[in-house]
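What follows is each chain in one-letter form.
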Amino acid sequence: MADNEAVYQHFRKSEAPFVAQVLDWIEQATTEYRAILTDFLDPRQAYILQTLIGEKDELKYHFSGGYNTAERQRALIAPTYFEPEEADFEIQLFEIRYPIKFAQLSHGKILGTLVNAGIDRNVFGDIMTDGQRWQFFVTTKMADYVVNQITKIGKVTVHLEEQAYTELIIPRDAWQFEQLLVSSFRLDTIIAAVYNMSRQRAKELVQGNKVKLNWQAFDKPDFELDLLDIISVRGYGRIQLKSIDGQTRKEKYRVTLGILRK
């Protein structure tokens, strides 16, 4: 128990349920000596999982989100002898067929439709577009349910079609990596630095419900970010804290950020 309490101290209180879940997965994989497949994890959750498994001699972790640069990925926690194949991750690719000439879709509309259909966010992965076509990943167990439930996105009639990995589009959005100096890891400080705005303006965006942290609505501008957190700022894009690279003599932090601008 004492060891587990020490583990929890390394993470936020709000992350405690997920930390407990990962510890359960590790216990299962170790005692039952088999691979444990998770749902889709966001980058922060994947980081927590990697940290908790660490250098355990008897276990390894493997990730797949359907393609190399996937943001959301499933993990396999497995004995060291286990070498997974892509099929072991149980991921299905879907393409959304819709009247391209007469209608427009968006990431937000697709995400909202899936969630409003009662589909948990953790059972589907990245939503991708090349500018016209749209695709997304879902766990194979949920594939039939998704097909039956999703016939419209907004007012647009759609048809979901299963696709092989060879039909994966090249996503249009690409993260740019930039190194910046920041005075702190406060949410409003990072937003202000990336988008070249005042901290007051950044604070207003956060308090005005225009910001999500790791896909959850968030309204605390003084919240301290940690590694691999993802911020979504409505109308501006997304930011991810990739690494903390040191401190200057003037006590500013040198950070590498992934930035996806709209």
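Residues numbered from 1 in each chain as written. Predicted model: local features only at pLDDT ≥ 70, side-chain atom pairs only at ≥ 80, totals over all residues. Heavy atoms only, no water.

Asks: Sorry, what's going on with the pattern of salt bridges here?
Replies: Between side chains of opposite charge, pairing is possible as soon as their charged atoms come close. Applying the stated criterion to the full structure yields 16 salt bridges. Here R44 ties to D226 by a salt bridge, and the two come within 3.5 Å at their closest N and O atoms. Taken together, the residues span a long stretch of sequence, with R44 in helix α3 (residues 43-53) and D226 in the loop between β12 (216-217) and β13 (230-233) at a distance of 182 residues. A relative accessible area of 2% means that R44 is categorised as buried. In this structure D226 comes out as partly exposed when scored by relative accessible area, which is 26%. Between R97 and E161 there is a salt bridge whose closest N-O contact spans 3.0 Å. With a gap of 64 residues between them, R97 in strand β4 (residues 91-97) and E161 in strand β9 (residues 159-163) connect regions that are remote in the sequence. (Salt bridge = Lys/Arg side-chain N within 4 Å of Asp/Glu carboxyl O. Helix = DSSP H or I, 4+ residues; strand = E, 2+ residues; numbered from the N terminus. Buried < 20%, exposed > 50% of the residue type's maximum accessible area, 1.4 Å probe, protein only.)

Asks: Please explain the pairing of β4 as it appears in this structure.
Replies: The side chains of a regular strand alternate, residue by residue, between the two faces of the sheet. Where burial is concerned, most of β4 is hidden: six out of the seven residues are buried. As judged from the six bridges shared by β4 and strand β6 (residues 134-139), these two strands associate in the antiparallel manner. Bridged to I96 within β6 is W134. (Pairing = 2+ DSSP bridges.)

Asks: Just to check I follow, could you spell out the sheet that holds strand β3 (residues 73-79) for this structure?
Replies: In any sheet, the strands associate via hydrogen bonds between backbone groups, in a parallel or an antiparallel arrangement. In spatial order, the strands read β1-β3-β2; together these three strands make up an open sheet with antiparallel pairing. Both edges of this open sheet fall to β1 (36-41) and β2 (59-64), since each of them pairs with a single strand only. Strand-to-strand twist across the sheet, computed as the mean angle between neighbouring axes with direction ignored, equals 20 degrees. Pairing between β1 and β3: four bridges, direction antiparallel. Paired with F40 across the two strands is R74, which belongs to β3. Sheet strands in contact with helix α2 (residues 16-32) are β1, β2 and β3, and its direction is about 155 degrees off that of β1. (Axes fitted to C-alpha atoms, helices over the stretch in contact; angles between N-to-C directions. Contact = heavy atoms within 4.5 Å.)

Asks: What is the right way to read helix α6 (residues 187-195) from this model?
Replies: What sets the pattern is the α-helix's 3.6 residues per turn: residues three or four places apart point alike. Most of α6 sits inside the fold, with eight of its nine residues counted as buried. Buried within α6 we find L187, D188, T189, I190, I191, A192, V194 and Y195. Where α6 is buried, its residues contact β10 (176-182), α7 (199-207), β11 (211-213), β13, β14 (237-247) and β15 (253-261). Immediately downstream of α6, the backbone of N196 shows phi near 55 degrees, a positive value.

Asks: I would appreciate a short explanation of the sheet that holds β13 in the present structure.
Replies: Within the open sheet, the six strands sit side by side as β10-β15-β14-β13-β11-β12. Their pairing is antiparallel. Each having just a single partner strand, β10 and β12 make up the two edges of the open sheet. One ladder, built from four bridges, connects β13 with β14; its direction is antiparallel. Its bridge partner being in β14, V233 is matched across the sheet by G237.

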